[in-house]
Amino acid sequence: MFDDVAPKYDVVNDVLSLWQTRRWRKVVVDAMEASKGQRVLDLAAGTGTSSEPYADAGIDVVACDFSLGMLKVGKRRRPDINFVAGDATNLPFADNSFDATTISFGLRNVNEPKKALQEMLRVTKPGGRLVIAEFSQPVVPLWRTMYTEYLMRALPAIATKVASNPDAYVYLAESIRAWPDQDHLAAWLQESGWEKVTYRNLTGGIVAVHRAFKAEESKPDSAAAAIAAHKGPVAKLRRNIVR
């Protein structure tokens, strides 16, 4: 499916988001706080659009995606970026390989997202950070209703006119509507062993950018410890989250 939409993927995303994707990606880059001399892993990188700001800043970035079609388009466009095929639940990298890891609008497409979060923890260096941008739940009820109507009615109709594979964008709308809200994703991060979990809502909560850190000293039982420390419902976890 992703191979089919690769040639027009970035243009269609700009149109469907009303050109908000560029702003969202800038927030992610700023939250990463990556600098020269550091190594960044960009998962679900697709054609490499999300990896370009790091490469342009002279940062060693690895663009990783499971879609070979996406990677081929990206490599033709940016031969200077290191594109690697990989499964987010079984990353082809050694432990503690990256100073920072990021994934934008791809976690919900992973079959086992919690396992992917644990893999990201494994490949990130102690003290390193994770930044996730993902579609989420609008925080104002009226805005949420309008957004849901757009997802299920307008988005597929627009995709039919501008996309090479409109069915892929029907899946997109359905996957966004089924995805957990901001606090649930924050809870998943804590359960996976990530620390100092915070998030920021963008465009009224249509998108949320989560940031978390790996403990300075890697602890094999960190995920188990996090679960033990948070036995209550998700509401209990909200007190640990900065909006």
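About the cut-offs
Residues numbered from 1 in each chain as written. Predicted model: local features only at pLDDT ≥ 70, side-chain atom pairs only at ≥ 80, totals over all residues. Heavy atoms only, no water. Pairing = 2+ DSSP bridges. Helix = DSSP H or I, 4+ residues; strand = E, 2+ residues; numbered from the N terminus. Axes fitted to C-alpha atoms, helices over the stretch in contact; angles between N-to-C directions. Contact = heavy atoms within 4.5 Å. Core = buried A, V, L, I, M, F, W, Y, C linked by side-chain atoms within 4.5 Å. Buried < 20%, exposed > 50% of the residue type's maximum accessible area, 1.4 Å probe, protein only. Polar contact = N/O pair within 3.5 Å; in protein donor to acceptor, adjacent residues only side chain to side chain. UniProt positions renumbered as here; feature names shortened; annotations may be inferred. Parallel < 35°, antiparallel > 145°, perpendicular 65-115°, else oblique. Left-handed = near helix turned anticlockwise from the far one by under 90°. Nonpolar A, V, L, I, M, F, W, Y, C, P; charged D, E, K, R; others polar.

Notes on the sheet that holds strand β5 (residues 124–135)
Right, on to step 1. As summarised here, the arrangement of the seven strands in space is β3-β2-β1-β4-β5-β7-β6, forming an open sheet in which the pairing is mixed. Because the sheet does not close on itself, it has two edges, and the strands there are β3 (82–85) and β6 (195–202). Shown here is a sheet whose adjacent strand axes are inclined to one another by a mean of 20°, direction ignored.
Right, on to step 2. Across five bridges, strand β1 (residues 39–43) lies against strand β2 (residues 60–65) in parallel orientation. Within β2, the residue paired with R39 across the bridge is D60.
Right, on to step 3. In the packing of helix α6 (residues 113–123) onto the sheet, the strands contacted are β1, β4 (98–104) and β5, and the crossing angle to β5 comes to about 145°.

Considerations on the nonpolar core
Where a protein is soluble and globular, its nonpolar side chains tend to be buried together.
Right, on to step 1. With 27 residues, the main nonpolar core has L41, F93, L107, L117, M120, I132 and W194 as its most contacted residues.
Right, on to step 2. Those elements that provide at least two residues to this core are β1, β2, β4, α6, β5, α9 (182–191) and β6.
Right, on to step 3. At five residues, the largest contribution of residues to this core is made by α6.
Right, on to step 4. Apart from the residues lying within four places of it in its own chain, the contact partners of F93 are L41, V62, C64, V84, F98, R122 and V123.
Right, on to step 5. Ranked by size, the runner-up nonpolar core spans 26 residues in total, among them Y54, A55, A100 and L172.

Regarding the side chain of R78
Right, on to step 1. Relative to the elements of secondary structure, R78 occurs in the loop between α5 (68–77) and β3.
Right, on to step 2. Among the polar contacts made by the side chain of R78, one reaches the side chain of D56 at a distance of 3.0 Å.

As for the UniProt feature "binding site: S-adenosyl-L-methionine" (unreviewed entry) in the chain
Right, on to step 1. Listed under "binding site: S-adenosyl-L-methionine" (unreviewed entry) in the UniProt record, and renumbered for this structure, are T47, D65, D87, A88 and S104.
Right, on to step 2. Positionally, A88 belongs in the loop between β3 and β4.
Right, on to step 3. Setting aside its immediate chain neighbours within four residues, A88 contacts V110, A116 and E119.
Right, on to step 4. With respect to the element layout, S104 can be found in strand β4.
Right, on to step 5. On the basis of relative accessible area, S104 is assigned to the buried category, the value being 8%.
Right, on to step 6. If sequence neighbours within four positions are ignored, S104 has contacts with R25, V28, L43, A44 and A133.

Observations regarding the packing of α6 against α9
Right, on to step 1. In the contact formed by α6 and α9, the axes pass within 9 Å of each other and the chain directions differ by 50°. The angle between the axes of α6 and α9 places the two elements in the oblique class. Crossing geometry of α6 relative to α9 is assigned as right-handed. Contacts from P113, K114 and L117 in α6 reach W188, L189 and E191 in α9.
Right, on to step 2. Here the residues of the contact of α6 with α9 sort into four nonpolar, no polar and two charged.

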